[in-house]
Amino acid sequence: MKIALLGAGHIGQTIARLLHATGDYQVTVLDKSAAYLKVLAGEGIATAEVDSENKAALVAGIRGKDAVVNALPYHLAINAAEAALECGCHYFDLTEDVAATKAIMEMSKSAKTAFMPQCGLAPGFIGIVAHHLAKQFDEVRDVQMRVGALPAFPTNKLKYNLTWSVDGLINEYCHPCEAIHGGEFISALPLEGLEHFSLDGTEYEAFNTSGGLGTLCETWAGKVRNLDYKTVRYPGHRDLMKFLLEDLALAGDQEKLKDIMRKSMPATMQDVVLVFVTVSGMKNGQLLQEVFARKIFADRDVKAPLSAIQITTAAGICTAVDLFREGKLPQSGFIRQEDVALPDFLANRFGKAYEQLRQVQSIA
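Residues numbered from 1 in each chain as written. Predicted model: local features only at pLDDT ≥ 70, side-chain atom pairs only at ≥ 80, totals over all residues. Heavy atoms only, no water.

(A) Representation of the environment of Phe276 in the model. Structurally, the position occupied by Phe276 is in strand β13 (residues 271-283). Looking at Phe276, the relative accessible area reads 11%, which means it is buried. Sequence separation between Phe276 and Val291 is 15 residues, and the spatial gap between their C-alpha atoms is 7.3 Å. (Helix = DSSP H or I, 4+ residues; strand = E, 2+ residues; numbered from the N terminus. Buried < 20%, exposed > 50% of the residue type's maximum accessible area, 1.4 Å probe, protein only.)

As structure tokens, then:
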């Protein structure tokens, strides 16, 4: 299967290596950074220097490929999807942006190929888990989805290091958050809905952020009482972000905030990803709750270290592509994360990354 992989950044490089190593994919990585591409080319992976913001250049670069795998920043998702549509390619991406997903859903209506956005961790794997658990109930009452990508050793006041795209981080902190409350669709404010909990003796907080639900609100409309998604951080992070975004009005100057964070907040490869889903409802006449919880740690291999967010995000989209190639997903139109069967995901050679790492021992 011929793959045009857009983006040679942290996540893109991981995706390229995973797909290339199988021998089942002919991967060509497209990016405007010659330095990033040089690293992959040195490993025998085909590359092409392309301006990823120029749709005509993208079209020329992906024409003749079977599928486009988009690992570019969220604001380039629509551009990339339109290029894939024009070239008759299947399309997969990692976007958490709600507006981009809705636009891709609309353009997929006229496509003979498949369009599957939101294939990462959240949205992505978290929605697959929640949908799988909810289907086991006769009547679903509450679905709570909590995900955090965190530094293993926080040292600053925000208790945070850059573990993934700062563009995506600020985007999810600034846009309305879809949810279902009391059986009704609502648009909640980002950074609100603060709650606290502990996993394995470590204290965390969680609050509303945009995009993590994917298409679950539409899928479960009229069938669930409450459904929401919140991002997990260490206690105190939310209040400081509200200060920056609201009191200092940086929500209106997001580029300045991104610049500040890039210059002052070190990235880290020593991170941990938390996945915590609870579903409650009626089953066989009883009110029951099911929980899925994971802590996934960075791989500190000396030759090829991988952060936890690299592992989980790349595993998500590689699994989606692999299941599609195997015919286990619809072959045309818009594909939701809920179309992926959790057992198929976890049995997949890439999806096993979520099963081979340690499960949470205690929750409070």
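Now that the structure has been shown, the text picks up again.
(B) Inspection of helix α6 (residues 125-134) at higher detail. Within α6, nine of the 10 residues are buried, which leaves the element mostly enclosed by the surrounding structure. The complete set of buried residues in α6 reads Phe125, Ile126, Gly127, Ile128, Val129, Ala130, His131, Leu133 and Ala134. For α6, the elements touching its buried residues are β7 (139-151), α8 (216-220), β13, β14 (286-297) and α12 (342-347). (Contact = heavy atoms within 4.5 Å.)

(C) Structural context of the side chain of Asn70. Along the chain, Asn70 turns up in strand β4 (residues 67-70). Separated by 2.8 Å, the side chain of Asn70 and the backbone nitrogen of Leu72 make a polar contact. With near-sequence residues (within four places) excluded, Asn70 lies in contact with Leu6, Leu76, Ala77, Ala80, Tyr91, Phe92, Asp93, Leu94 and Ile317. (Polar contact = N/O pair within 3.5 Å; in protein donor to acceptor, adjacent residues only side chain to side chain.)

(D) Examining the environment of Ala41 more closely. Mapped onto the fold, Ala41 is located in helix α2 (residues 34-41). Note: C-alpha distance between Ala41 and Ile78 (37 residues apart in sequence) is 27 Å.

(E) Representation of the packing of helix α7 (residues 166-174) against helix α9 (residues 237-247). Axis separation between α7 and α9 bottoms out at 12 Å; the angle between their running directions is 85 degrees. The orientation of α7 relative to α9 falls into the category roughly perpendicular. Of the residues in α9, those in contact with Ile170, Tyr173 and Cys174 of α7 are His237, Met241 and Leu245. (Axes fitted to C-alpha atoms, helices over the stretch in contact; angles between N-to-C directions. Parallel < 35°, antiparallel > 145°, perpendicular 65-115°, else oblique.)

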